[in-house]
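# Geometric and topological summary
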Amino acid sequence: MLYAILSEDVTDSLDKRLAARPDHLKRLQELQDQGHLVIAGPHPAIDSNTPSDAGFTGSLVVAEFTSLDQAKEWADSDPYIAAGVYAKVSVKPFKQVFPQ
């Protein structure tokens, strides 16, 4: 089943994000290599794909896991959590309707 992992950043998270980004991306690449990643990316703090110093307010990952518990376990071990980037992380089952 698919799960949406919605994360909210702490205030002024950009430096922490940049420091932990290589490890964060490595885990996402592993999910993609396994064929489980649907989409992933950050939420820019401003209306721009390149927000520069404005940074980001959170992230979204939609991926396939065998259970909600497995999805939560994966989300809880994100390097952004260890680095103090995320203030809050929610994991919810997700039903993809489009694209088909």
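In short, a report on the structure. Note that the coordinates shown come from a computational prediction; the quantities given were computed from them, not determined experimentally. (Residues numbered from 1 in each chain as written. Predicted model: local features only at pLDDT ≥ 70, side-chain atom pairs only at ≥ 80, totals over all residues. Heavy atoms only, no water.)

### Observations concerning the overall build of the protein chain
The helix and strand inventory of the protein chain stands at 3 helices and 4 strands. Beginning at the N terminus, the succession of helices and strands in the protein chain can be written as β-α-β-β-α-α-β. A compact globule built from 100 residues would reach a C-alpha radius of gyration of about 13 Å, and the protein chain, at 13 Å, matches this within 12%. For the protein chain, the C-alpha atoms occupy an extent of roughly 35 × 30 × 25 Å along the three principal directions. The 100 residues of the protein chain split such that 31% are buried. Contacts in the protein chain between residues at least 24 apart in sequence constitute 73% of all its contacts with a sequence separation of at least 6. When the accessible surface of the protein chain is split by element, carbon and sulfur atoms take 51% of a total near 6,500 Å². (Helix = DSSP H or I, 4+ residues; strand = E, 2+ residues; numbered from the N terminus. Rg over C-alpha atoms; globule rule 2.2 N^0.38 Å. Buried < 20%, exposed > 50% of the residue type's maximum accessible area, 1.4 Å probe, protein only. Contact = heavy atoms within 4.5 Å. Areas by Shrake-Rupley, 256 points an atom, 1.4 Å probe, with all protein chains shown as cover.)

### Comments concerning the pattern of salt bridges
Across all of its chains, the model carries 2 salt bridges by this definition. Taking the shortest distance from any N to any O, the salt bridge between aspartate 9 and arginine 17 comes out at 2.6 Å. For the pair formed by aspartate 9 and arginine 17, the shared burial category is buried. As a salt-bridge pair, arginine 27 and aspartate 78 come within 3.7 Å of each other at their nearest N and O atoms. In this pair, arginine 27 is assigned in helix 1 (residues 14–33) and aspartate 78 in the loop between helix 2 (68–76) and helix 3 (79–82), connecting sequence segments 51 residues apart. In terms of burial, arginine 27 and aspartate 78 fall into one category: buried. (Salt bridge = Lys/Arg side-chain N within 4 Å of Asp/Glu carboxyl O.)

### Notes on the packing of aromatic side chains
Throughout the structure, instances matching the rule amount to 3 aromatic pairs. Both rings, one in phenylalanine 65 and one in tryptophan 74, keep their centres 5.7 Å apart while their planes meet at 45°; by these two values the pair is tilted. Between tyrosine 80 and tyrosine 86, the aromatic rings sit 5.5 Å apart at their centres with planes inclined by 85°, giving edge-to-face as the arrangement. Classification of tyrosine 80 by relative accessible area gives buried; the value is 2%. Connected via pairs of aromatic rings, a cluster forms that spans Tyr3, Phe65 and Trp74. (Phe/Tyr/Trp six-rings, centres within 6.5 Å; stacked < 30°, edge-to-face > 60°.)

### A closer look at the sheet that holds strand 2 (residues 37–44)
The strands making up a sheet associate through backbone hydrogen bonding, with each pair oriented either parallel or antiparallel. Read across the open sheet, the 4 strands follow the order 2-3-1-4; overall the sheet is antiparallel. Looking at which strands have only one partner, the edges of the open sheet turn out to be strand 2 and strand 4 (86–94). Within this sheet the neighbouring strands show an average axis-to-axis angle of 10°, counted without direction. The pairing of strand 1 (residues 2–9) with strand 4 spans 8 bridges and is antiparallel. Its bridge partner lying in strand 4, glutamate 8 is registered against lysine 88. Against the sheet, helix 1 contacts strand 1, strand 2, strand 3 (56–64) and strand 4, and its axis sits at roughly 10° relative to strand 3. On top of the sheet, helix 2 reaches strand 1, strand 3 and strand 4; it is set at about 155° to strand 4, its chief contact. (Pairing = 2+ DSSP bridges. Axes fitted to C-alpha atoms, helices over the stretch in contact; angles between N-to-C directions.)

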